[in-house]
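The primary structure of each chain is shown beneath.
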Amino acid sequence: MASSILSDCSSSATARLLPFHRKLHTQDFRFHRSVSIPLRPPSPTSSRSAASRFWSLSAVTPVAMTTDTSAKLIDGKMVAKQIKDEIAGEIAKMKDAIGIVPGLAVILVGARKDSQTYVRNKKKACEAVGIKSYEVHLPEDSTEEEVLKHISGFNDDPSVHGILVQLPLPRHMNEQSILNAVSIEKDVDGFHPLNIGRLAMQGREPLFVPCTPKGCMELLHRYAVDIKGKRAVVVGRSNIVGMPAALLLQKANATISIVHSYTKNPEEITRQADIVIAAVGVANLVRGSWIKPGAVVIDVGINPIDDPESPRGYRLVGDVCYEEVSKIASAITPVPGGVGPMTIAMLLSNTLDSAKRIHNFK
Ligand code: GUN
């Protein structure tokens, strides 16, 4: 039971400031006492992604940054469902028009329970929208050459439009050479160095944007959070989430800081942010005292913590202490039901975009 003095988060053994041990691999809203951030009405983005085109269909309330005492919930589950419904409609149209359905190939090496769950969820989501999924499961002790052989086969297979190698890979494998082997045209994870490089450069566009950071941005856009000129802090600098999230915020004209395990004063820096994306993989790290009143907080973390009251013996919490931060922020994503469902929706969106590009289907 949470005490009224001590927050639940303060009792978490993992809620330590430094070092960040683990690498992430992984309504009734009242507009009270609005502070300086103006509202932007939902409107189409300039991105070519299928997901961003759904923007105009979204029926979500804009977020004003306020000093109200309870944050608006940013409902990733609901937004992801809207996006998936739209993708299913587009795939049906494409099949009718040109007889092609998008195909996604997933390569899983080893038997990590979390990776198996992610891959199973991706497969289910593909089936639900009409994407054909191809799966390869390789044992932990497979060689890098075996993985490369499967990638090469999928690169050459015209029925496959997206290739995803589930991370992390076993330690004996060279992640870099494996990700480099994925055809840039089928790199639906957006992890190929050419795609990341284009994301980092002004005036260049990647063919694909990594799914989790893209999902974070989609939530900000759909909830009409103004980004241009705002201060944003990304907590965590993983290749999968933190680094590309920072690049995307910068592309959207935010002034960004990245807080990481060597940052001297993470709390003070984060407290300056209008927008916080927490992606560090440490349960409840970001406390209420880290947050500027009225900030918008996107929590990417999915951390299991012991909970004897749960039938499974554990429950999932984010990198953000929801109990404290929801009283200070103007809007916040929950865990679960926030960024998680958006990651899968963005993967489906990238796969559909890839199939359309390859078959020149508008
Ligand atoms: N492992 C954790 N997140 C991801 C992801 O977005 N893509 C891949 N390929 N592996 C992951």
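Structure first, text after, so check above.
Overview of the structure. (Residues numbered from 1 in each chain as written. Predicted model: local features only at pLDDT ≥ 70, side-chain atom pairs only at ≥ 80, totals over all residues. Heavy atoms only, no water.)

Once that is clear, we can look at the overall build of the protein. Scanning the protein from terminus to terminus reveals 11 helices and 11 strands. Expressed as a percentage of the 362 residues in the protein, the buried residues total 52%. (Helix = DSSP H or I, 4+ residues; strand = E, 2+ residues; numbered from the N terminus. Buried < 20%, exposed > 50% of the residue type's maximum accessible area, 1.4 Å probe, protein only.)

As a further point, take the pairing of strand S6 (residues 255-259). Walk down a regular strand and you will see the side chains alternate between the two sheet faces. Two elements, strand S5 (residues 231-235) and S6, share 5 bridges in a ladder whose sense is parallel. Note that in S6 the partner of Arg231 across the bridge is Thr255. Assessed by its sense of winding, the connection that carries the chain from S5 through helix H8 (residues 242-251) to S6 is right-handed. (Pairing = 2+ DSSP bridges. Right-handed = clockwise from strand over helix to strand, strands pointing away.)

Take helix H11 (residues 339-358) next. Its 20 residues place the ends of H11 28 Å apart at the C-alpha level, agreeing with the 28 Å of an ideal helix rising 1.5 Å per residue. Counting buried positions over the 20 residues of H11 gives 16, a clear majority of the element. Where H11 terminates, the next one or two residues include Asn360, which has phi positive at roughly 50 degrees. (Expected span 1.5 Å × (residues − 1).)

This paragraph deals with helix H7 (residues 211-222). Helical geometry: 3.6 residues make up each α-helical turn, so side chains three or four residues apart lie on a common side. Its 12 residues give H7 an end-to-end C-alpha distance of 16 Å, which sits within 8% of 16 Å, the value for a rise of 1.5 Å per residue. In terms of burial, H7 is largely enclosed, as 12 of its 12 residues are buried. Among all positions in H7, only Cys211, Thr212, Pro213, Lys214, Gly215, Cys216, Met217, Glu218, Leu219, Leu220, His221 and Arg222 are buried. Ala224 occupies a position one or two residues after H7 and carries a positive phi of about 55 degrees.

With that settled, consider the packing of helix H6 (residues 193-200) against H8. As a packed pair, H6 and H8 sit with axes 9 Å apart at the nearest point and diverge in direction by 35 degrees. Together, Ile196, Arg198, Leu199 and Ala200 of H6 and Met243, Pro244, Leu247, Leu248 and Lys251 of H8 make up the contact between the two elements. (Axes fitted to C-alpha atoms, helices over the stretch in contact; angles between N-to-C directions. Contact = heavy atoms within 4.5 Å.)

Right, let's get into the nonpolar core. If you look at the biggest cluster of nonpolar residues, it comprises 75 residues, and the most contacted ones within it are Ile107, Val147, Phe154, Leu220, Leu249, Ile277 and Leu348. Top element by residues in this core is H11. It accounts for 9 residues. Apart from residues no more than four positions distant in its own chain, Leu249 is found in contact with Met217, Leu220, Ile227, Ala232, Val234, Ala254, Ile256 and Ile277. (Core = buried A, V, L, I, M, F, W, Y, C linked by side-chain atoms within 4.5 Å.)

Together, Glu140, Asp141, Glu145 and Glu146 make up a negatively charged patch on the protein surface. Structurally, the position occupied by Glu146 is in helix H4 (residues 144-156). (Patch = residues over 30% accessible without salt bridge, like charges linked within 9 Å, V, L, I, M, F, W, Y side chains within 5 Å. Areas by Shrake-Rupley, 256 points an atom, 1.4 Å probe, with all protein chains shown as cover. Salt bridge = Lys/Arg side-chain N within 4 Å of Asp/Glu carboxyl O. Lys, Arg positive; Asp, Glu negative; His and termini not counted. Charge placed at Lys NZ, Arg CZ, Asp CG, Glu CD.)

The final tally for this structure, using the stated rule, is 1 disulfide. In this model Cys9 forms its disulfide with Cys321; the gap between the sulfur atoms is 1.9 Å. The disulfide joining Cys9 to Cys321 has a torsion of about 90 degrees about its S-S bond and is therefore right-handed. Both residues of the pair, Cys9 and Cys321, count as buried. (Disulfide = S-S within 2.5 Å.)

For the rest of this paragraph, the subject is the sheet that holds strand S7 (residues 275-278). Read from one edge of the open sheet, 6 strands run S1-S11-S8-S7-S5-S6, paired in parallel fashion. Strands at the two margins of the open sheet, each flanked by one partner only, are strand S1 (72-73) and S6.

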